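Here are the chains, one letter per residue:
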Amino acid sequence: MQAKFNQTIIELARRDITEESTDAVVNAANSRLAGGAGVDGAIHRAGGPAIMAECRQIGGCPTGQAVITTGGNLKARYVIHTVGPVYQGGTRNEANLLAAAYTNSLKLAAKKGLQSISFPAISCGTYGYPLQEAAHLALKSCVEFVRENTQIQIIRHVLFDQKIYNFFSGELRKLI
Ligand code: AR6
């Protein structure tokens, strides 16, 4: 499923983000950039040790912020590492932090001159964010960004399972 907002196509795909050939893939990292399970583990496994070496140099990334490394052995030229919030009931500024994770990743991609980017469903695994609200915030952040910024031509949300895909497609339909 896809829709065009201003100059940008926002699309949903059901597959493994490590296969993406967009200019950048986004990693749902932790604030120490230490690697882990889920999409983080998959990206480091597929991308090879060069990515972790760069993460160690950078040292860390606060929740809601984003940093960039090269893509190692991935098809994507860059990995943008962002840190979503751990969901703790919704009263710890989680919504703003999740939106910021998307917006700051997009700002970094635009600053680098990139034209395409693939996101996983940040905070939707280990970090426990309710899926429908996470899907809404993810898409709303991207749509708001592309209304003001025309640099990025494709934003792809790469969703691992059908359940999350269905939440994203339901929320995307509401924004069209
Ligand atoms: N491609 C696309 N999506 C994937 C893939 C993949 N290869 N693998 C998993 N997902 P998670 P978080 C989906 O837990 O909630 C790590 O240990 C997964 O099904 O990866 O932000 C980090 O180091 C889920 O929908 O990220 C952090 O400590 C989504 O990606 C912590 O987990 C995000 O799940 C971050 O937790």
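Scroll up a little and you will see the structure.
Residues numbered from 1 in each chain as written. Predicted model: local features only at pLDDT ≥ 70, side-chain atom pairs only at ≥ 80, totals over all residues. Heavy atoms only, no water.

Glancing now at the overall build of the protein chain. A tally of helices and strands in the protein chain yields 5 helices and 7 strands. Scanning the protein chain from its N terminus toward the C terminus, one meets helices and strands in the order β-β-β-α-α-β-β-α-β-α-β-α. Its C-alpha atoms give the protein chain a radius of gyration of 15 Å, near enough to 16 Å, the size a compact globule of 176 residues would have. Principal-axis analysis of the C-alpha atoms gives the protein chain an extent of 40 × 35 × 30 Å. Every one of the 176 residues in the protein chain was classed for burial, and the buried ones make up 52%. Within the protein chain, contacts between residues separated by at least 24 positions form 70% of all contacts whose residues are at least 6 apart in sequence. Element-wise, carbon and sulfur atoms account for 47% of the exposed surface of the protein chain, whose accessible area totals about 8,100 Å². One finds the centroid of the 18 positive side-chain charges in the protein chain at a distance of 1 Å from the centroid of its 13 negative side-chain charges. (Helix = DSSP H or I, 4+ residues; strand = E, 2+ residues; numbered from the N terminus. Rg over C-alpha atoms; globule rule 2.2 N^0.38 Å. Buried < 20%, exposed > 50% of the residue type's maximum accessible area, 1.4 Å probe, protein only. Contact = heavy atoms within 4.5 Å. Areas by Shrake-Rupley, 256 points an atom, 1.4 Å probe, with all protein chains shown as cover. Lys, Arg positive; Asp, Glu negative; His and termini not counted. Charge placed at Lys NZ, Arg CZ, Asp CG, Glu CD.)

So, on to the packing of aromatic side chains. Scanning the entire structure with this criterion turns up 2 aromatic pairs. Aromatic side chains Tyr102 and Phe119 sit 4.8 Å apart centroid to centroid with 45° between the ring planes, which places their arrangement in the tilted category. You can see Tyr102 sitting in helix H3 (residues 94–111) and its partner Phe119 sitting in strand E6 (residues 116–119), a full 17 residues away along the chain. Tyr102 sits in the buried class, given a relative accessible area of 1%. (Phe/Tyr/Trp six-rings, centres within 6.5 Å; stacked < 30°, edge-to-face > 60°.)

A volume near 540 Å³ is recorded for the largest pocket. Lining the largest pocket are 26 residues, with Ala28, Gly38, Val39, Asp40 and Gly125 sitting closest to its centre. Looking at which element gives the most residues to the lining of the largest pocket, the answer is helix H1 (residues 38–47), with 4 residues. The class makeup of the residues in the lining of the largest pocket is 15 nonpolar, 7 polar and 4 charged. (1 Å grid on protein atoms, 1.4 Å probe; cavity = no way out; pocket = protein on both sides within 12 Å on 5 of 7 lines; lining within 4 Å. Points joined across faces, edges and corners; volume = space filled by probe spheres on them. Nonpolar A, V, L, I, M, F, W, Y, C, P; charged D, E, K, R; others polar.)

Near the ligand, the surroundings consist of 23 residues, among which Asn30, Val39, Asp40, Ser123 and Gly125 are the closest. A distance of 3.4 Å separates an oxygen atom of the ligand from a polar atom in the backbone of Cys124. Within the backbone of Gly125, one N or O atom sits 2.8 Å away from an oxygen atom of the ligand. Relative to its unbound accessible area of 700 Å², the ligand is 91% covered by the protein chains. Among the cavities detected, the one that contains the ligand is the largest pocket. (Near = heavy atom within 4 Å. Polar contact = N/O pair within 3.5 Å; in protein donor to acceptor, adjacent residues only side chain to side chain. Sits in = over half its atoms within 2 Å of the grid points.)

Compared with the 20 Å implied by 1.5 Å per residue over 14 residues, the 20 Å span of helix H5 (residues 162–175) between its first and last C-alpha is a close match. When H5 is considered as a whole, its buried residues turn out to be Ile164, Tyr165, Phe168, Ser169, Glu171 and Leu172. Next to the buried residues of H5 lie strand E1 (2–5), strand E2 (8–13), H3, helix H4 (131–148) and strand E7 (154–158). (Expected span 1.5 Å × (residues − 1).)

Throughout the structure, instances matching the rule amount to 6 salt bridges. The salt bridge involving Glu19 is made with Lys75; its shortest N-O contact spans 3.8 Å. With Glu19 in the loop between E2 and strand E3 (24–28) and Lys75 in the loop between strand E4 (66–70) and strand E5 (78–82), this residue pair connects regions lying 56 residues apart in the sequence. By relative accessible area, Glu19 is classed as partly exposed at 46%. For Lys75, a relative accessible area of 55% corresponds to the exposed category. Salt-bridge contacts for Glu171 lead to Lys174; the nearest nitrogen and oxygen are separated by 2.8 Å. (Salt bridge = Lys/Arg side-chain N within 4 Å of Asp/Glu carboxyl O.)

Okay, the sheet that holds E6 next. Strand order in the open sheet formed by 7 strands is E1-E2-E7-E6-E3-E5-E4, and the pairing between neighbours is mixed. What marks the edges here is a single partner per strand, and that holds for E1 and E4. Averaged over all pairs of adjacent strands, the angle between their axes in this sheet comes to 20°, without regard to strand direction. With 5 bridges joining them, E2 and E7 adopt parallel strand pairing. When the bridges of E7 are listed, Leu12 appears paired with His157. (Pairing = 2+ DSSP bridges. Axes fitted to C-alpha atoms, helices over the stretch in contact; angles between N-to-C directions.)

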